[in-house]
Amino acid sequence: MPARTVIVPDGLVGERVDVAVSRLLGVSRAKAAELAMAGRVEVDGVTTGKSHRLGGGAMMTVELEPPKDPPAPEPVPGMEVVYDDDDVVIVDKPVGVAAHSSPGWSGPTVVGALAAAGYGIATAGPPERQGIVHRLDVGTSGLMVVAKTDRAYPGLKRAFKRREVTKVYLAAMQGHPDPLVGTIDAPIGRHPSKEFKFAVLSGGKPSVTHYEVVEAFRGACVARVHLETGRTHQIRVHFSAIGHPLLGDPTYGANPRLAAELGLDRQWLHAEQLSFLHPISGDQVEVTSPVPPDLAAALDQLRGREY
């Protein structure tokens, strides 16, 4: 099985092994604890339990799971290709589709759908997520770019890391943020006790969300959101943190009764626009996606409510 060896950074001195493995290797806290309990974590050459507290400069080796096979080709009804050339493909992802397979997901994926449609995908990256340079939540619809070639992959990854990609979303939330145009600058990290959830934390990664309310209703509004960073669940976490969870997102505090009234069974969040310089040609690429029918129907109901 593959193994990863890392030196414990100063920021994780005194942390438990399972916390450090989760943060350093990007696995869930539960998976990190499972690896430790299976005897697959060593600190300075000694097998160590999940609750062991780490010292500065310690050498930690983690025996990982064997690589997963790429997801099987599987057509995804409703997924459209909106841009395609020799090196890059951009899809309009419907709700209920993951970017790639993962331990907690066995449903349809963007990678599998592209394979089923005959698209070649870059071999760079882990086998189950080849070509994927950024992700959308299963419950979020909209635009995703995928590298088709290994020569395009590093340029796209670098552009996302350097924040050179413009990512614009539409988000409907409870209430009206004050001010109606503003910036949320608050660090985000894994929730300290709830797996698969994130939160604003003092020790989290820097996270910046810019927003502008574009339409207001009684008890709700729609904002155009520009992400400066790209943390997992960033928009959902940030608006929840300021008291305005996204409609249809009970994970982060939304009112389920309102979602039921609007016929929503997922968060009202759509990746509307992507803009970036092509990694090979250097040309500007810009694509947009219309609001999908389920979100549009909820929006029509909001417009019909008395203010």
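Relevant structure appears above.
Description of the structure in this document. Note that residues are indexed from 1 along each chain, following the sequence as it is written. Selection of residues for local features in this predicted model requires a pLDDT of at least 70, selection of side-chain atom pairs for listing and counting requires 80 or more, and totals for whole chains, interfaces and linings are taken over all residues. Side-chain figures throughout are based on the complete set of non-hydrogen atoms in the structure, without hydrogens or water.

1. What to know about the layout of surface pockets
Alright, step 1. Only protein atoms enter the 1 Å grid, on which a cavity is a set of points fitting a 1.4 Å probe that cannot get out and a pocket is an open set with protein on both sides within 12 Å along at least 5 of 7 lines, lining residues being those with an atom within 4 Å of a point. Grid points are joined across faces, edges and corners, and a volume is the space filled by probe spheres set on the points. Of the voids in this model, the second largest pocket is the one considered here, and its volume is about 200 Å³.
Alright, step 2. Taken together, 16 residues line the second largest pocket, and the ones lying closest to its centre are Gly78, Asp92, Pro94, Pro292 and Pro293.
Alright, step 3. Here a strand is any run of E in DSSP of at least two residues, a helix any run of H or I of at least four, and the numbering for each starts at the N terminus. When contributions to the lining of the second largest pocket are tallied by element, the ones reaching two or more residues are strand 6 (88–93), strand 7 (141–147) and helix 7 (293–304).
Alright, step 4. Following the grouping adopted for this structure description, the nonpolar residues are Ala, Val, Leu, Ile, Met, Phe, Trp, Tyr, Cys and Pro, the charged ones are Asp, Glu, Lys and Arg, and the polar ones are all others, Gly among them. Class assignment for the residues of the lining of the second largest pocket results in six nonpolar, five polar and five charged.

2. With respect to the pattern of salt bridges
Alright, step 1. Any Lys or Arg side-chain nitrogen located within 4 Å of an Asp or Glu carboxyl oxygen qualifies as a salt bridge. Under the definition given, this model contains 11 salt bridges.
Alright, step 2. In this structure, Asp137 and Arg236 form a salt bridge, with 3.0 Å as the shortest nitrogen-oxygen distance. Residue Asp137 is found in the loop between helix 3 (110–116) and strand 7, and its partner Arg236 is found in helix 5 (residues 234–241); the two are separated by 99 residues along the sequence.
Alright, step 3. Summary of the burial criterion: residues with accessible area below 20% of their type's maximum are buried, those above 50% are exposed, and those between are partly exposed, where the area comes from a 1.4 Å probe applied to protein chains only. Residue Arg236 is classed as buried on the basis of its relative accessible area of 8%.
Alright, step 4. One network of salt bridges, in which partners are shared, links Asp137, Arg236 and Asp249.

3. Some words on the pairing of strand 7
Alright, step 1. Judged by how many residues are buried, strand 7 sits mostly within the fold: seven of seven residues are covered.
Alright, step 2. Inspection of the sheet shows strand 6 paired to strand 7 by six bridges, in the antiparallel sense. Note on strand 7: the bridge partner recorded for Val91 is Met144. Strand pairing follows a simple DSSP-based rule, namely that at least 2 bridges must link the two strands.

4. Things to note about the sheet that holds strand 3 (residues 46–47)
Alright, step 1. Read from one edge to the other, the open sheet built from four strands follows the order 1-4-2-3, with strand pairing classed as antiparallel. With one partner strand each, in any of the chains shown, strand 1 (3–7) and strand 3 form the two edges of the open sheet.
Alright, step 2. With three bridges joining them, strand 2 (residues 41–43) and strand 4 (residues 59–63) adopt antiparallel strand pairing. Of the residues in strand 4, the one forming a bridge with Glu42 is Thr61.
Alright, step 3. The contact definition used throughout considers only heavy atoms, calling two residues in contact when any of these lie within 4.5 Å. Between N-to-C directions, angles cover 0 to 180 degrees, with each direction set by a line fitted to C-alpha atoms, over the stretch in contact for helices. Contacts from helix 1 (residues 17–25) reach strand 1, strand 2 and strand 4 within the one sheet, and its direction differs from that of strand 4 by about 75°.

5. A short note on unusual backbone geometry
Alright, step 1. A cis amide bond, omega 10°, links Asp178 with the succeeding residue Pro179.
Alright, step 2. Even without glycine at this site, Asp44 takes up a positive phi of about 55°.
Alright, step 3. Tracing the chain through its elements places Asp44 in the loop between strand 2 and strand 3.
Alright, step 4. Accessibility expressed as a relative area gives 52% for Asp44, which makes it exposed.
Alright, step 5. Phi is positive for Arg163, which is not a glycine, with a value near 65°.
Alright, step 6. The topology assignment puts Arg163 in the loop between helix 4 (153–161) and strand 8 (166–174).
Alright, step 7. Residue Arg163 is classed as partly exposed on the basis of its relative accessible area, which comes to 43%.

6. Section: the packing of aromatic side chains
Alright, step 1. Pairing of aromatic rings covers Phe, Tyr and Trp, the last through its six-membered ring, and needs centres within 6.5 Å; plane angles under 30 degrees mean stacked, over 60 mean edge-to-face, and all others mean tilted. Following the criterion strictly, the structure yields one aromatic pair and no others.
Alright, step 2. Measuring from ring centre to ring centre gives 5.5 Å for Tyr211 and Phe239, while their planes differ by 70°; the resulting arrangement is edge-to-face. Of this pair, Tyr211 sits in strand 12 (residues 208–217) while Phe239 sits in helix 5, and the two are 28 residues apart along the sequence.
Alright, step 3. The exposure class of Tyr211 is buried, given its relative accessible area of 6%.
Alright, step 4. Owing to a relative accessible area of 0%, Phe239 belongs among the buried residues under this scheme.

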